[in-house]
Amino acid sequence: MYNRHMERFKILKEIVLEAGEIVKKGYYSTLEFDKKSATELVTKYDKAVEDFLISKIKPLYSNYEIVAEESFLGKKLPKNAIYIDPIDGTTNFIHKIPYLGISIGIWEDYKPKEAIVYNPILDELYSAKLGEGAYLNGNKISVSKESNLQNSIIATGFPYVKHEMGKEYYWVVDSLKTLLPKIRDIRRLGAAAIDLCYLAEGKFNGFYEVNLQPWDVAASILIVKEAGGEISGIRGIEYNLENQIIVASNRKIHKQLLENLGDFDGE
Ligand code: IPD
């Protein structure tokens, strides 16, 4: 059983590398895009990469349901799921900013078991299996040892609904007002899956965001945990993929980070 699963994970990595070739083709060509909303964009490559991944991964993980960014219409998340974000960082993809990733998270019994996040432009492949550590291109990675929030680089992202100026917008702005003087600096690089991998690798010390979708984080959560990091919701509540806010850190600054993020109605 163990060997069969090792083999399956190896094949999964090969599939993701192949999907990376499709992403690269799009990245180095002139792109057209559609708008899903005022600020959320999509290209034919998001769909093509997703279709390719589903066709290859589904037979490999036949007892799992697919939850993928461009095709998931369900309301409830399945017990055993393959979370797919074909291009996390679509805006960067369109603007030719090489910070994006293909993200695949395998969840069993509502818990993360296997994860791959691949940036084909920089050729960086992050992976993790439950209980076996986290890796970048085959080399073990771990979170930073920084214990002082003031020396920390914190990554975040801004929700697509910002133009509506609703409660998410105010939470982002108010939290930033409090947090910014207490940290070394903020990074908003545009791909949550990669932000979390940079945290796992020790480049970032913390991360938070409101309104991420399950496919944005399902893989990276395991990579962060396996690298020794911590994931929670706001006020330290346990995080599940349905929470609106995610907070992640190297563990050592987690409490300080939480103390500087505002409360959010409903969480
Ligand atoms: C987006 C990126 C971005 C985050 C957005 C996500 P997408 O993913 O992760 O950093 O701020 O909330 O939706 O839409 O490019 O797959």
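Higher on the page you've got the structure.
For clarity, every value in this text was computed on a predicted model and none was experimentally measured. Residue numbers run consecutively from 1 along every chain, following the written order of its sequence. Thresholds applied to this predicted model are a pLDDT of at least 70 for local features of residues and 80 or more for the giving and counting of side-chain atom pairs; totals over whole chains, interfaces and linings are not thresholded and use all residues. By convention in this description, side-chain values take in all heavy atoms of the structure and omit both hydrogens and water.

Student: Looking at this structure, how should I read the packing of helix α5 (residues 192-201) against helix α6 (residues 214-226)?
Tutor: Direction vectors running N to C along α5 and α6 enclose 5°, while the axes themselves pass 8 Å from each other. By the angle class used here, α5 and α6 are roughly parallel. Here A192, A193, L196, C197, L199 and A200 of α5 come into contact with α6, specifically with D216, V217, S220, I223 and V224. Here the term charged refers only to Asp, Glu, Lys and Arg, the term nonpolar to Ala, Val, Leu, Ile, Met, Phe, Trp, Tyr, Cys and Pro, and the term polar to all other amino acids, Gly among them. Partitioning the contact of α5 with α6 into residue classes produces nine nonpolar, one polar and one charged. The angle between two axes is taken between their N-to-C directions and runs from 0 to 180 degrees, where each axis is a line fitted to C-alpha atoms and a helix contributes only its stretch in contact. Secondary structure follows DSSP: runs of H or I at least 4 residues long count as helices, runs of E at least 2 residues long count as strands, and numbering of each begins at the N terminus. For classification purposes, an angle smaller than 35 degrees is called roughly parallel, one larger than 145 roughly antiparallel, one from 65 to 115 roughly perpendicular, and anything else oblique. For this analysis, residues touch if any pair of their heavy atoms sits within 4.5 Å.

Student: Help me understand the site of the ligand in this model?
Tutor: The ligand sits among 17 residues. The nearest are D88, G89, T90, Y160 and E209. In the environment of the ligand, an oxygen atom lies 3.0 Å from a nitrogen or oxygen atom belonging to the side chain of R188. Across the complex, the protein chains shield 96% of the 380 Å² of accessible surface that the ligand would expose by itself. Counting residues per element, the shell around the ligand draws most heavily on strand β4 (residues 81-88), which supplies three residues. By residue class, the composition of the shell around the ligand is six nonpolar, four polar and seven charged. These domain boundaries are the output of an automatic or database domain assignment. Composition of the shell around the ligand by domain shows at least three residues from each of domain 1 (2-141) and domain 2 (149-259). Whether a residue is near a molecule or strand depends on its heavy atoms: if one lies within 4 Å, it is near. For this analysis, a polar contact is any N or O atom pair within 3.5 Å, provided that within protein one partner can donate a hydrogen and the other can accept it, and provided that sequence-adjacent residues contribute only side-chain to side-chain pairs. Shrake-Rupley sampling with a 1.4 Å probe provides the accessible areas, and residues are treated as covered by the protein chains on show and by no other component.

Student: Looking at this structure, I do not really get the pairing of strand β5 (residues 101-108). What am I missing?
Tutor: For a regular strand, side-chain orientation follows a simple rule: the groups alternate between the two sheet faces. Extensive coverage of β5 is indicated by the burial of seven of its eight residues. As paired elements, β4 and β5 share six bridges and run antiparallel to each other. The residue of β5 that forms the bridge with I84 is I104. Pairing between strands is defined by DSSP: at least two bridges between the two strands are required. Examined bridge by bridge, β5 and strand β6 (residues 111-119) share seven bridges and lie antiparallel to one another. Paired with S103 across the bridge in β6 is V117. Hairpin geometry of β5 and β6 is characterised by an intervening segment of two residues between the two adjacent antiparallel strands and by a positive phi of about 55° at D109. Each residue is assigned to one of three classes by its accessible area relative to the maximum for its type, calculated with a 1.4 Å probe on protein chains only: buried under 20%, partly exposed between the two thresholds, exposed over 50%.

Student: Help me understand the environment of V224 in this model?
Tutor: With respect to the element layout, V224 can be found in helix α6. A relative accessible area of 0% places V224 in the buried class. Taking the C-alpha atoms as reference, V224 lies 8.9 Å from Y198; in sequence the two are 26 residues apart. Filtering out sequence-adjacent residues up to four positions away, V224 remains in contact with V143, L196, L199, A200, G229, E230, I231 and S249.

Student: Please clarify how the nonpolar core should be interpreted in this entry.
Tutor: Side chains that are nonpolar tend, in soluble globular proteins, to be buried together. For our purposes a nonpolar core is just a set of buried Ala, Val, Leu, Ile, Met, Phe, Trp, Tyr and Cys residues, chained together by side-chain atoms within 4.5 Å. In this structure, F207, I223 and L241 are the most contacted members of the largest nonpolar core, which totals 42 residues. Elements that contribute at least two residues to this core include exactly β4, β6, β7 (124-129), β8 (134-136), β10 (153-156), α5, α6 and β14 (245-249). Among all residues touching I223, those that are not within four sequence positions of it are A115, V117, Y126, S127, A128, A134, I141, C197 and A200. The next biggest cluster of nonpolar side chains, apart from the first, holds 30 residues, and it includes V23, L31, L100 and I121.

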